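# Observations on the model geometry
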Amino acid sequence: MWNKSKLKVCMLTTNHLPFDHRIFYKEARSLQKAGYAVSIITSVGYFDQVKDDISIKGFEINLPFFQSKFFTKLGIGKILRFIRFLYYSLKENADIYHCHEFYVLFPAYFIKLLRKLCKKRVYIIHDVHEFYLEPSLLDKNISFWEKAKVRLLIFFDKKINQKVDFIVCTEEPKTEKYLRYTVPLEKMAIIENYVPSDLFQISPKEFDPQKPVFAYAGGLSFDRGIDKLVKATAAFAKRTKTRPKLLLLGKFYSPSQEKIFLNYCRKNKEFLDLEMTGWVPHPEVPRRLAEADICFALYNSREFMMVLSGKAGPVKLYEYMACGKPVIAVNYNALKNVIEKTRCGIIINLDGDVNGIVNAIEFYFRNPQRIIQDGRNGRLAVEKYYNWSIVEKKLLKIYEGVVKSNG
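Let me begin by describing the structure that accompanies this report. The model shown is predicted, which means the values in this text are computed figures rather than measured ones.

### Focus: the state of the cysteines
Using the criterion set out here, one finds zero disulfides in the structure. Here C265 is not cross-linked by a disulfide; its sulfur's nearest cysteine counterpart is in C295, at 18 Å. Not engaged in a disulfide, the cysteine C344 finds its nearest cysteine sulfur in C295; these two sulfurs lie 11 Å apart. According to the relative accessible area criterion, C344 is buried, its value standing at 0%.

### Digging into the packing of aromatic side chains
Tallying each qualifying case throughout the model produces 25 aromatic pairs. Geometrically, the ring pair formed by Y299 and F304 is tilted, given 4.7 Å between the ring centres and 45° between the ring planes. In this pair, the class of Y299 matches that of F304, namely buried. An aromatic cluster is defined as three or more aromatic residues linked by ring pairs; in this entry it consists of F207, F214, F236, F296 and F365. The positively charged end of K238 is found above the aromatic ring belonging to F271, 4.9 Å away from the centroid. Just above the ring of Y385 sits the side chain of K341; from NZ or CZ to the centre is 4.2 Å.

### Notes on the packing of helix 4 (residues 105-117) against helix 5 (residues 144-161)
Orientation of helix 4 relative to helix 5, taken along the N-to-C sense of each, is 40°, at an axis distance of 11 Å. What the angle tells us is that helix 4 and helix 5 run oblique. Crossing of helix 4 over helix 5 shows left-handed handedness. For the pair helix 4 and helix 5, the contacting residues are L105, F106 and Y109 in the first and F156, I160 and N161 in the second. Its residues assigned to classes, the contact of helix 4 with helix 5 comprises five nonpolar, one polar and no charged.

### Concerning the sheet that holds strand 12 (residues 294-297)
Here we have six strands laid out as an open sheet, ordered 11-10-9-12-13-14, and parallel in their pairing. Two strands bound the open sheet, and with one partner strand each, they are strand 11 (273-276) and strand 14 (345-348). The mean inter-strand angle of the sheet, taken between neighbouring strand axes irrespective of direction, is 20°. Looking at chain direction, strand 9 (residues 213-217) and strand 10 (residues 245-249) are connected through five bridges and run parallel. In the sheet register, A217 faces strand 10, and the bridge partner there is L249. Its contacts with the sheet place helix 13 (residues 355-366) against strand 9, strand 12, strand 13 (327-330) and strand 14, and it is angled at close to 160° to strand 14.

Definitions and cut-offs
- Residues numbered from 1 in each chain as written.
- Predicted model: local features only at pLDDT ≥ 70, side-chain atom pairs only at ≥ 80, totals over all residues.
- Heavy atoms only, no water.
- Disulfide = S-S within 2.5 Å.
- Buried < 20%, exposed > 50% of the residue type's maximum accessible area, 1.4 Å probe, protein only.
- Phe/Tyr/Trp six-rings, centres within 6.5 Å; stacked < 30°, edge-to-face > 60°.
- Lys NZ or Arg CZ within 6 Å of the ring centre and 35° of its normal.
- Axes fitted to C-alpha atoms, helices over the stretch in contact; angles between N-to-C directions.
- Helix = DSSP H or I, 4+ residues; strand = E, 2+ residues; numbered from the N terminus.
- Parallel < 35°, antiparallel > 145°, perpendicular 65-115°, else oblique.
- Left-handed = near helix turned anticlockwise from the far one by under 90°.
- Contact = heavy atoms within 4.5 Å.
- Nonpolar A, V, L, I, M, F, W, Y, C, P; charged D, E, K, R; others polar.
- Pairing = 2+ DSSP bridges.

This is the structure:
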């Protein structure tokens, strides 16, 4: 008889902190609340704790001897990471391994084979956050050996994903690769990055026309339009003779881009106040977003255009909406569909200049009642359509289906 209260779920991640918004605050908490025993293993830091009855183990591979160019080419670090994941994962003795990257599928599958020898069933769920190993990588100007390496990884990616029990993706476009791998459609589902409405509460504020606050939450890069946002903020300040604050809840991925960005801010310091918080704990994000008047999603790359070509928008969009903040966003399908459907913001075409952004900001500046109205529209839409409790039901149904159909 299937009984979820006796099942152990072990989440594996090699790229994310254990308190990642999706891994911990959405999926792990939902599964724990539903009666599963949940643990998380990560290789991005040292952890050994229990939070909300969820066990968290973390390690790092930090051996200078093996980080030389010679050993890096041999992939020694990856081998050591595989061994450590295998060790910790075996100790968990889980029934379900929920893998958040391609690489951790291998220790999970190894355990699946070992347990099969002991006549114990183990299930693997692959949670696809990003685009991995797309064939477009082969179009890049890389060496013969790099292309050979990519082809080999794509081969293993295909083979191992054909053997997992279920694949969940954050957006529709991410399923296309697995359909090409001939993974049956019934073994895939979309689990959108909707927002936990209990963590993200509406936070209206009084608009100060002399000190408007513009906010962005997430990784900082020019692909995410941070360069456009700061230029638009300065241009708006010059046009309206105000001094806005630019609040960035995140961290730059590229030191060179960060240097260019900060140099621009220094040259324009008379026109704007800048606060860069770095990464903040997930529960802190809504508290900081409460300071904002307008929020932004200004993605600006071919990669993000592909990511946002489906129905589901990025997590920051739903977080802004849940906090009751109007959103200015680029004209990518997922953003456009949500914002136009809910009337919670303004869609712009991001051309060579930043006039579209400045005009959208100025519209809200001249019509502050729309800041309140569009913010409320976003919050209502989250409560009705885009909250985590809706997709939580899909997640739990997937777990039940995986175990029952294979049990």
